[in-house]
Amino acid sequence: METIKIVSWNVNGVRAVYKKNFMQWLLTDQPHVLCLQETKAQDDQFPAEIAQLDGYTVYFASAQRKGYSGVATLSRLKPKSSQVGMGIEKFDTEGRLLQLDYGGFLLLNIYFPNGKQSNERLQYKMEFYDAFLKYAQNLRRQGKSLIVCGDVNTAHREIDLARPRENAKTSGFLPEERAWINRFLSQGYIDTFRMFTKEGGHYSWWDQRTRARERDIGWRIDYFFVSEDLADKVKSAFIQKDIMG
DNA sequence: TCGTACGTATA
DNA sequence: TTTTCTGCGC
DNA sequence: TATACGTTCTAGCGCAGAAAA
């Protein structure tokens, strides 16, 4: 069976990366499937060159609010079906989940809420986490195999961020957020990056305020999870840290 | 994130 | 019509 | 008093929408 390359990228504005080097990157990297988060665009606001890209079909899950959140999946493989959201209105209106059914597996492109803004948003994030776990487990009970990728907005363990002690009380590394990842994994999912890389020092997000990227003071908050039945089918998992979003 | 200022706790 | 400003979220 | 510790503050980008040019 041939190898499929799936890439996840929080672009922080699809129109902004389009003006930079998005197209060159895409034509060079040529993933079979590309999962984008934080597109910050309605379906009809996507650059036409992306929306009508030769060889790819583009699926959207945009937020109601303009310029906010939103995920999209570009696919060279034809899925059997697609679905936006979990069927829960308070979560689905923020454009955070897009599901493609490829028969052998479901691909869930997901952008979990950021909890840094306020207690209300942290609570919303935790509710989203719980709702998603229930949703995923329901799919598992239906016999589905899952690939879950995207921006989880939480570093799992101390080796997943450069400053664990300093951030023990910061959303993104709170005990309850980390505990949810533990609970999720314990229900039969694999953090694929950790299948191949055991040591720390590998990050996917860096604070802009202090130009932390230059010094590699970062967090690993973007993941590829698979349901454990797919584990032996995963060939590799890595972070392209030199690509700027 | 980092360094700092400031308040509070501890000996 | 284009540029500049303010506000929001991250 | 002297020291330790915990809390606080805080940039710049991408976008929307209104105002100004």
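Analysis parameters
Residues numbered from 1 in each chain as written. Chains lettered and ligands numbered in written order. Predicted model: local features only at pLDDT ≥ 70, side-chain atom pairs only at ≥ 80, totals over all residues. Heavy atoms only, no water. Helix = DSSP H or I, 4+ residues; strand = E, 2+ residues; numbered from the N terminus. Rg over C-alpha atoms; globule rule 2.2 N^0.38 Å. Buried < 20%, exposed > 50% of the residue type's maximum accessible area, 1.4 Å probe, protein only. Contact = heavy atoms within 4.5 Å. Areas by Shrake-Rupley, 256 points an atom, 1.4 Å probe, with all protein chains shown as cover. Phe/Tyr/Trp six-rings, centres within 6.5 Å; stacked < 30°, edge-to-face > 60°. Lys NZ or Arg CZ within 6 Å of the ring centre and 35° of its normal. Core = buried A, V, L, I, M, F, W, Y, C linked by side-chain atoms within 4.5 Å. Salt bridge = Lys/Arg side-chain N within 4 Å of Asp/Glu carboxyl O.

(A) Region of the structure containing the overall build of chain A. Helix and strand counts for chain A stand at eight helices and 12 strands. Whereas a compact globule of 245 residues would reach a radius of gyration of roughly 18 Å, chain A reaches 17 Å, a difference of no more than 12%. Along the longest, intermediate and shortest principal axes, the C-alpha atoms of chain A span 45 × 40 × 35 Å. In chain A, which comprises 245 residues, the share counted as buried stands at 51%. Sequence separation of 24 or more characterises 70% of the internal contacts of chain A that already satisfy a separation of 6 or more. Of the roughly 12,400 Å² of accessible surface on chain A, 48% is carried by carbon and sulfur atoms.

(B) Representation of the packing of aromatic side chains within the structure. Tallied over the full model, the rule gives 18 aromatic pairs. When the ring of Phe 112 is compared with that of Phe 132, the centres are 5.5 Å apart and the planes differ by 90°; the resulting orientation is edge-to-face. One end of the pair, Phe 112, is in the loop between β7 (106-111) and α5 (119-141); the other, Phe 132, is in helix α5, and 20 residues separate them in sequence. The class for Phe 132 is buried, based on a relative accessible area of 0%. Through pairs of rings, three or more aromatic residues link up here, namely Phe 91, Phe 112, Tyr 124, Phe 128, Tyr 129, Phe 132, Trp 180, Phe 184, Tyr 189, Tyr 223 and Phe 225. A cation over a ring is seen here: Lys 116 above Trp 219, with NZ or CZ 4.7 Å from the ring centre. Lying across the ring of Tyr 124, Arg 121 places its NZ or CZ 4.2 Å from the centre.

(C) The arrangement of the nonpolar core in detail. Counting 28 residues, the largest nonpolar core has Met 86, Leu 108, Phe 112, Phe 132, Leu 146 and Trp 180 as the members making the most contacts within it. Secondary-structure elements contributing two or more residues to this core are β7, α5, β8 (146-151), α6 (175-186) and β12 (222-227). In terms of residue count, α5 provides more of this core than any other element does, 11 residues in total. The residues touching Met 86, leaving out its near neighbours within four places in the chain, are Phe 91, Asp 92, Leu 97, Phe 128, Ala 131, Phe 132 and Tyr 135.

(D) Quick look at the pattern of salt bridges. Under the counting rule described, the total for this entry stands at 13 salt bridges. Across the salt bridge formed by Arg 220 and Asp 191, the nearest N and O atoms sit 2.7 Å from each other. Of this pair, Arg 220 sits in the loop between β11 (218-219) and β12 while Asp 191 sits in strand β9 (residues 189-191), placing them 29 residues apart in sequence. Here Arg 220 falls in the buried class, since its relative accessible area comes to 1%. Classification of Asp 191 by relative accessible area gives buried; the value is 8%. Close ionic contact of Arg 211 with Glu 214 constitutes a salt bridge, the shortest N to O distance being 3.6 Å. Each member of the pair Arg 211 and Glu 214 is classed as exposed.

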